[in-house]
Every structure is written in structure tokens, then in C-alpha cells.
Amino acid sequence: MTVSIPRLKRAARIILIGAPGVGKGTQTERLLARFPQLASISSGDLLRENVRLRTPLGIQAETIIQSGNLVPDSMILDLISSELWKRGWLSTSHRSSSTDGTKSNSSPSPQNPVPAPQSPAKISPDASFILDGFPRTLSQALSLDSLVPINFAVHLVTPPSVILSRIAKRWVHEPSGRVYNTDFNAPKVPGRDDVTGEPLTQRSDDSTGTWYQRYHKFEETSRDLVAHYADKGCLSRIEGNSSDEITPRLFKAIEERFC
Ligand code: AMP
């Protein structure tokens, strides 16, 4: 039997908004497998990579991440915008599609979301991607608006009690960011990454106390974020008690919108 691969007919620029542990990483992996035109950037993975490599940014971010707080907007914006440039999705040569895209990306801050244009940054009209974990605050969203026109924001919703009960079963392969859950997405060999065979670890910020701190932060900052994308008319709320419940709803929403 041949499985048809859905093709995106227009560029999809998707963000996933959801409480810590709701399964944004898992959904991202499944979306990448389903829609080969998509790529992804995870702000949490980028930060953890910097921590792992002991970069100056990583050293600065480490204690903030461990405390369950958000790293400063300027830090995350620099990280994300340089990743967008690195991937070739932002450049000075693309013709912008649906945004004026005339802003520079250097050192944005919450007060001044994007600085005055020097070398105009433009989004590649063909770039289709998922941003996982970014933006997390309204000010980050406003900065992103000036760089990249997001055209689909998905709010993933699972009851906090359900998330908390499965967080203990979450294992990650740090170098790749691959996420496993011993209940519903177990590695083929217990404790080992399916692709590399390397050992899996648990995230230090997945302890119950830190999770509550991260959850409260999410509740505090996500209201304005969700309202922002609702106002733009590109928000979809997808609920489910498990990743397996959410995935088909998410696929359907994307297919209806982009295929
Ligand atoms: P995540 O893997 O998305 O749960 O992110 C792990 C941690 O990285 C968060 O608890 C924050 O400390 C930090 N982080 C990730 N994304 C952002 C963001 N967009 N803004 C600020 N901090 C972030």
C-alpha cells in the first residue's frame, strides 16, 4: 500500500504554543515526518545545545532554565534570528512574500522589538517551518511579526494533571532533541536513542517543583500571546489528553489550511 505524502500548496509558518510537557516536541517530530517540506526550530533545544557546549550564552542561560524562568527576550531573539539567517530563511536578498520584511534583525529588545533597518531582512517566500517554544511572550511575538509573518498558531491544550503524571516518563536524547515517553513513545531499547543508540537522560527542569514554576510562567505569559494570534485570525486550539489524540487533529488542521 502506498501512503500519500501531503504537499503544502503555500508556505506554512507555524508556531506551537503549549504548557511545558504538553508534547510540542513530539508533535513537531510527527509534523516533520508527515510534511517533508517543513523544518523546525526549537528554542529550548537551541538553548540546551548552548548549555551543553558551554557557550557564554549557554552558561548564562543554564541557571535560568533550571529555575524554570524564561531567559531574557534579547537572548532568545538573538538566538532565533541568527538561526533563521543560518538556515537561509531570512536574508537580504529574498523578495518578501506577504510582509514588508524591511526590518533588520540585530539585537532586538522588548521595548524596541526590531531596530531600525540597516540591511533589510526578508523572509524566503518558500520557507515552511515550525517554531517550537518561540515566541513565548507577547513582546517576543511582536518582534517576530516584524521579521517573519506567522500564518498559523496552534495552541495545544492538555489538562495540567495529565501532563504532570507523564512528565516523569519523559526521556530525551540531548544531542538531537529527540523525545521519548516510556508509556506511549518508548525507545526500542530502554534508555537508548533509537537512531544513535546513545543513552537517554531526563531533563533537570522536569522535576515537579520546576515544572510548576514553568507552568505558572506559561499561564502568566501565554494569555496575551494566544490573544495576539486570535486577533490576527490565525489561531487554532487543539485539545487532547495524549499526543496520540492531538496528532490527527493537528494534521487535519494543517492539511485544511495549507494542502
Ligand atoms: P522548552 O524546551 O521549550 O520547555 O524550554 C526550556 C526552557 O528554555 C524554558 O523553561 C525557558 O527557561 C527557556 N526558553 C525556551 N524558549 C524560550 C523563549 N521563547 N523565551 C524565553 N525562554 C525560553
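Model, not experiment: these values are computed from the prediction.

A separate point is the UniProt feature "binding site: AMP" (unreviewed entry) in the protein. The positions that UniProt labels "binding site: AMP" (unreviewed entry) are, in the present scheme, Ser-43, Arg-48, Asn-69, Leu-70, Val-71, Gly-133, Phe-134, Pro-135, Arg-136, Gln-140, Arg-203 and Arg-214. Lining residues of the second largest pocket drawn from the annotated set just named are Arg-48 and Arg-203. Relative to the helices and strands, Val-71 is located in the loop between α3 (56-67) and α4 (73-86). When residues no more than four places from it in sequence are discounted, the contact partners of Val-71 are Leu-47, Ala-61, Ile-64, Ile-65 and Ile-76. Structurally, the position occupied by Gly-133 is in the loop between β5 (129-132) and α5 (138-147). Look at Gly-133 and you get buried, because its relative accessible area is 8%. Setting aside residues no more than four positions away along its own chain, Gly-133 makes contact with Leu-16, Lys-24 and Ser-43.

Quick look at the UniProt feature "binding site: GTP" (unreviewed entry) in the protein now. In this structure's numbering, the residues bearing the UniProt feature "binding site: GTP" (unreviewed entry) are Gly-21, Val-22, Gly-23, Lys-24, Gly-25, Thr-26, Arg-170, Val-179, Tyr-180 and Ser-243. Across 223 residues of sequence, these annotated residues stay compact in space, with a maximum C-alpha separation of 12.9 Å. Residue placement: Gly-21 occurs in the loop between β1 (13-18) and α1 (24-34). Non-local contacts of Gly-21, meaning those with residues more than four positions away in its chain, are made with Ile-163, Arg-166, Ile-167 and Arg-170. Within the secondary structure, Tyr-180 sits in strand β8 (residues 178-181). Contacts of Tyr-180, omitting those with residues within four sequence positions, involve Lys-169, Arg-170, Trp-171, Asn-185, Ala-186, Pro-187, Asp-193, Asp-194, Val-195 and Leu-200.

The next subject is the site of the ligand. Around the ligand lies a shell of 16 residues, among which Ser-43, Arg-48, Asn-69, Gln-140 and Arg-214 are the nearest. Contacts to the ligand include Asn-69, whose backbone N or O atom sits 2.5 Å from an oxygen atom. Within the contact set of the ligand, a nitrogen atom lies 3.2 Å away from a backbone nitrogen or oxygen of Val-71. Relative to its unbound accessible surface of 480 Å², the ligand loses 96% to contact with the protein.

Once that is clear, we can look at the environment of Gly-240. The topology assignment puts Gly-240 in the loop between β9 (235-239) and α8 (243-258). Sequence spacing of Gly-240 and Thr-158 is 82 residues, and the spatial spacing of their C-alpha atoms is 5.5 Å. Residues within four places of Gly-240 in sequence aside, it is in contact with Val-157, Thr-158, Pro-159, Glu-245, Ile-246 and Arg-249.

Here the focus is the nonpolar core. Of all hydrophobic cores here, the largest spans 58 residues; its most connected members are Val-148, Tyr-229 and Ile-254. Setting aside residues no more than four positions away along its own chain, Tyr-229 makes contact with Ile-15, Ile-17, Pro-135, Ala-141, Leu-144, Asp-145, Ile-150, Ala-153, Cys-234 and Leu-235.

With that out of the way, let us pick up the pairing of β1. Buried residues dominate β1, accounting for six of its six residues. Residues Arg-13, Ile-15 and Ile-17 point to one face of β1 and Ile-14, Leu-16 and Gly-18 to the other, with burial holding for every one of them. Across four bridges, the pairing between β1 and β5 is parallel. The residue bridging Ile-15 from the neighbouring strand is Leu-131, located in β5. Relative to strand β6 (residues 152-157), β1 runs parallel, the two sharing five bridges. Note that in β6 the partner of Ile-17 across the bridge is His-155.

The subject of this paragraph is the confidence of the model for the protein. When pLDDT is averaged along the protein, the result is 88; 89% of the residues meet or exceed 70. Overall, residues 96-117 carries pLDDT values under 50, and its contacts beyond four positions in sequence, including any with other chains, amount to 49 contacts.

Roughly 230 Å³ of volume is contained in the second largest pocket. Arg-48, Val-51, Gln-66, Glu-174 and Ser-204 are, among the 13 residues lining the second largest pocket, the residues nearest its centre. Of all the elements in the fold, those that place two or more residues in the lining of the second largest pocket are α2 (43-52) and α3. When the residues that make up the lining of the second largest pocket are grouped by side-chain class, the tally is three nonpolar, four polar and six charged.

With that out of the way, let us pick up helix α6 (residues 160-167). Among all positions of α6, only Ile-163, Arg-166 and Ile-167 are buried. The buried residues of α6 occupy an angular sector of 110° when projected down its axis, which confines them to one face. Structurally, α6 contributes buried residues whose contacts are with β7 (170-173), β8, α7 (208-232) and α8.

Parameters and conventions
- Residues numbered from 1 in each chain as written.
- Predicted model: local features only at pLDDT ≥ 70, side-chain atom pairs only at ≥ 80, totals over all residues.
- Heavy atoms only, no water.
- UniProt positions renumbered as here; feature names shortened; annotations may be inferred.
- 1 Å grid on protein atoms, 1.4 Å probe; cavity = no way out; pocket = protein on both sides within 12 Å on 5 of 7 lines; lining within 4 Å.
- Helix = DSSP H or I, 4+ residues; strand = E, 2+ residues; numbered from the N terminus.
- Contact = heavy atoms within 4.5 Å.
- Buried < 20%, exposed > 50% of the residue type's maximum accessible area, 1.4 Å probe, protein only.
- Near = heavy atom within 4 Å.
- Polar contact = N/O pair within 3.5 Å; in protein donor to acceptor, adjacent residues only side chain to side chain.
- Areas by Shrake-Rupley, 256 points an atom, 1.4 Å probe, with all protein chains shown as cover.
- Core = buried A, V, L, I, M, F, W, Y, C linked by side-chain atoms within 4.5 Å.
- Pairing = 2+ DSSP bridges.
- pLDDT = per-residue confidence, 0-100.
- Points joined across faces, edges and corners; volume = space filled by probe spheres on them.
- Nonpolar A, V, L, I, M, F, W, Y, C, P; charged D, E, K, R; others polar.
- Arc of directions from axis to C-beta.

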